[in-house]
Each structure stands twice: as C-alpha cells, then as structure tokens.
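The primary structure of each chain is shown beneath.
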Amino acid sequence: MTPIRILVVDDSIVVRKLLSETLSGDPALEVVATASDGRIALAKIPMLKPDLITLDIEMPVMHGLATLVELRKLYPRLPVIMFSTLTERGAAATLDALSLGASDYATKPSNSGSPAAAIERIRSELIPKIKALCGLIVPLKPLPLPGCCPTVKARVRTNPQIKIVAIGTSTGGPNALAEVLPRIPNGFPVPIVVVQHMPPIFTRLLAERLASRSAIPVEEGRAGVVLSPGHAWIAPGNFHMQVISAGAVLRLDVNQGPSENSCRPAVDVLFRSVAAAYGANVLGVVMTGMGADGVLGAQDIRNAGGDVIIQDEASSVVWGMPGLVQASGLADAAYPVDQLGAEITRRVLQSRVPRGQSDLKSHATPALPAK
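What comes next concerns the included structure. (Residues numbered from 1 in each chain as written. Predicted model: local features only at pLDDT ≥ 70, side-chain atom pairs only at ≥ 80, totals over all residues. Heavy atoms only, no water.)

### As for the sheet that holds strand E7 (residues 192-196)
Hydrogen bonding along the main chain pairs the strands of a sheet, whether they run parallel or antiparallel. Reading across from one edge, E8-E9-E7-E6-E12-E13-E14 is the order of the 7 strands in this open sheet, with parallel pairing throughout. The two strands at the open ends of the sheet, each matched to only one other strand, are strand E8 (218-220) and strand E14 (333-335). Each adjacent strand pair in this sheet contributes to an overall mean axis angle of 20°, direction not counted. Where strand E13 (residues 307-311) lies against E14, 3 bridges are found, and the strand directions are parallel. Across the sheet, the residue bridging to isoleucine 309 is alanine 333, located in E14. Along the sheet, helix H10 (residues 320-327) contacts strand E6 (164-169), strand E12 (282-286), E13 and E14; its crossing angle with E13, the most-contacted strand, is approximately 135°. Contacts from helix H11 (residues 337-351) reach E6, E12, E13 and E14, with the element oriented near 165° to E13. (Pairing = 2+ DSSP bridges. Helix = DSSP H or I, 4+ residues; strand = E, 2+ residues; numbered from the N terminus. Axes fitted to C-alpha atoms, helices over the stretch in contact; angles between N-to-C directions. Contact = heavy atoms within 4.5 Å.)

### Topic: the nonpolar core
Formed by 57 residues in total, the largest nonpolar core has its most connected members in Val165, Ile192 and Ile344. When sequence neighbours within four positions are dropped, the list of residues in contact with isoleucine 192 reads Val165, Ile167, Leu181, Ile184, Ile216, His231, Ala232 and Trp233. Residues Met241, Val254, Leu324 and Val325 belong to the second largest nonpolar core, which totals 32 residues. (Core = buried A, V, L, I, M, F, W, Y, C linked by side-chain atoms within 4.5 Å. Buried < 20%, exposed > 50% of the residue type's maximum accessible area, 1.4 Å probe, protein only.)

### Focus on the side chain of lysine 108
Counting through the fold element by element, lysine 108 comes out in the loop between strand E5 (104-107) and helix H5 (115-133). Among the polar contacts listed, one links the side chain of lysine 108 to the side chain of aspartate 10, at a separation of 3.2 Å. (Polar contact = N/O pair within 3.5 Å; in protein donor to acceptor, adjacent residues only side chain to side chain.)

### Remarks on H11
Taking 1.5 Å of rise per residue, the 15 residues of H11 would be expected to cover 21 Å, and the 22 Å separating its terminal C-alpha atoms lies within 8% of that figure. Among the residues of H11, those classed as buried are Val337, Leu340, Gly341, Glu343, Ile344, Thr345, Arg347, Val348, Leu349 and Ser351. In the core, the buried residues of H11 are packed alongside E6, helix H6 (173-180), E12, E13 and E14. (Expected span 1.5 Å × (residues − 1).)

### Quick notes on the pattern of salt bridges
Going through the model one piece at a time under the given rule, you end up with 19 salt bridges. Notably, a salt bridge pairs arginine 89 with glutamate 58, separated by 3.0 Å at the nearest N-O pair. Highlighted residues: arginine 89 in helix H4 (residues 88-99) and glutamate 58 in the loop between strand E3 (52-56) and helix H3 (64-74), separated in sequence by 31 residues. According to the relative accessible area criterion, arginine 89 is exposed, its value standing at 61%. Its salt-bridge partner being glutamate 88, residue arginine 204 comes within 2.6 Å of it at the nearest N-O pair. Taken together, the residues arginine 204 in helix H7 (residues 202-213) and glutamate 88 in helix H4 connect sequence positions 116 residues apart. (Salt bridge = Lys/Arg side-chain N within 4 Å of Asp/Glu carboxyl O.)

### Re the environment of isoleucine 234
Inspection of the secondary structure puts isoleucine 234 in strand E9 (residues 232-234). Considering only alpha carbons, one finds isoleucine 234 and glycine 168, 66 residues apart in sequence, at a separation of 9.8 Å.

### Observations regarding the packing of aromatic side chains
The relative placement of two aromatic rings is captured by the distance of their centres and the angle of their planes. The full count for this structure, using the stated rule, is 1 aromatic pair. Taking 5.2 Å as the distance between ring centres and 15° as the angle between the ring planes, the aromatic pair formed by tyrosine 105 and phenylalanine 202 counts as stacked. Placement of tyrosine 105 in strand E5 and of phenylalanine 202 in helix H7 is noted, with a sequence separation of 97 residues between them. (Phe/Tyr/Trp six-rings, centres within 6.5 Å; stacked < 30°, edge-to-face > 60°.)

### Some points on the environment of proline 185
Note on placement: proline 185 falls in the loop between H6 and E7. Along the backbone, proline 185 and alanine 215 are 30 residues apart, and their C-alpha atoms lie at a distance of 6.0 Å.

### Thoughts on the packing of helix H8 (residues 267-278) against helix H9 (residues 295-303)
It is the contact of H8 with H9, at a shortest axis distance of 7 Å, that shows an interaxial angle of 10°. By the angle class used here, H8 and H9 are roughly parallel. Touching Asp268, Phe271, Arg272, Val274 and Ala275 of H8 are Val295, Leu296, Gly297, Ala298, Asp300 and Ile301, all from H9. Of the residues contributing to the contact of H8 with H9, the split by class is 7 nonpolar, 1 polar and 3 charged. (Parallel < 35°, antiparallel > 145°, perpendicular 65-115°, else oblique. Nonpolar A, V, L, I, M, F, W, Y, C, P; charged D, E, K, R; others polar.)

Below, the structure is given as structure tokens:
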C-alpha cells in the first residue's frame, strides 16, 4: 500500500521535527516535506503533490488562515488539518479555519509536557484523523450490539410525540451544525441537546458562533439548567452531558466520568440519558464523525421506541459515526446535511399534529441567515 504523503507546515523547527519523526514512524504515513510558512508551502504543493497537509495557524510571512484561503482556491479537495494551540485565540482561529474549508484540526501538545506525552498525543489524536480523511479506514461493519440483531430494522411504531432532539457529531461537525441549527425555526417546540467532540474553550466559542447565526438560542451546557423548548445546548469540552430527571423537571448534568469511545463528551452518554429520561419521545441525529461513538446510544434510543436519523455519506466529511449506525441497522433514514434541519423540524412538528391533520405549510423552515 502506498503511504499517505504529508506536507508539514509550521514555523517552529521543533514542531516540524516532532511531527515529521512521529508521523513517519507509522508505516502508513510519509512526511514528504516541511515548510516554515504558507508561501513556501504553496510553492511546494504542485511539485510534491501531497495527499494531506498539516497547517499551523500562527506563522510569519503568510499565516495559516491566509494560506488556507489560497490553498482552497487551487486545491478545493486537498485534506488540511489545522494544528492549533489549546487557547482562546487558538480556538477562535481554528473555528475560522474550519469555516474557510479546513478538513479538521488537532491541538498542539502542551509545552510543559514531556516529549513522550507529545508523541503519544500526536499518535492518538492526529494520526487517526489523517488516516480517516485519506480513506485509510477499516470498512464499516455492524457492531456487536448486546440484545440487538443488526439485520432487523422493522419495528412496531406508535408514532410518539417527539419531546427532545439529541444530536451527536465529530469530524466535520462544526460546519455541519452550522448547516443544521440555523435552519431550526424560532418557536421550535422542543429542546435540542448536542455533543460535538471538542476540547474546552472550543465548545463555548462554537456555541456562541452558532447562536449568532440561529433563530433559537444556542449555549454551552451547564449543570442544573432546566430544559426548555426552542433552545439548544452543546456539551462542554472535557465533560459528559446528560439529561436527568428531578421530579417533574428535566435538567442538564455535566460530569467528568470515565471517557467512552475515548471521548469526553461522548455521544453515547448523552443518547443513553435522553432515552432513559424521555423513552420513546426522542429523535436522535448522528452526523459526520470518525469512530463509533453514538452507535450504542442510538440502540438505546431505538430500544426505548424513539427514532434515529443520520447524515448521508455524500455530505459527511467522515462517515464513520453515521455509517456505523446504518451498518448496525439502527438508522431510520439518511439525509444530506443541508436537508437535516428541515427534516428535524418536519418530524418534530408532524409528531405534534393530531391524527388526520398533516398540513404543515404554516411551519416553513427559514433559509440560512446571510453570513
């Protein structure tokens, strides 16, 4: 198998050396060159024809965002992973980069950590993303789900009223959520809870950006918040988010319980909690993302009588999470990302219409606000 050819772009010679040695230590990867700024990188791309680029954000001569803009004009499909610092400034720049067309991001290891920890961080976080974005992933197979036969999809449906929407996503999720949440109309009758795999700071800034584009309020989740209709909450980085029942009131809980699927927050944790709290009255949505997080949670939702829909393969940056839900027989339907917001709205409103009535023309989904 031909190794994935990588161009490393970073102004730090230490980082270039660390990335080059660690990435090239994997037999599936080859660092074909490095560059200390964006201008040099752009000159090297046509000669080297890399399969993927890792791109620093803060560089002299030509910084990462300017490089990304030029790169996308010339190479719209070339995978680019931003390598950013775990700071407020780094998080904001990373979200800018994702909106400009970056494929994904990885956070730089802390300067205070040991070299061994930095190498392990690159191996565990960056290398899987490189392989997923370049198609070096194991073919999707049904997961061995306890108490569930993956080949059986038919269920006796009672068409329960949807009382909550739970969304899980990872790689490609920030841009996917920016397609979905702004299409949810003002006055939406149920709460929305979201897990996006992201570290601290990033999730708060993501919620703020989504709120600025959406008709409904979007916030980072906090312990004790009472769920209310027409409001979306995003799980905070490094915390699981759950829905818990406190008498007749349903609230959010955030905690630092053990990681699941190597994730915290984890989609499975959120989905499991909404299935327990709401029973059949749940609509689960699994969108673009790497890995298997969300599959067991989707089974919990289906076992409780709820429905699960997924983002389709063509519009997903990585079809790992939604693809495994489908392969495991747990998806009721799949939709392009630009149709998911309207479909979520349609299903929620339709579930609230008395039987015999189906006119939803008065509930048209608004177009996306102008950027």
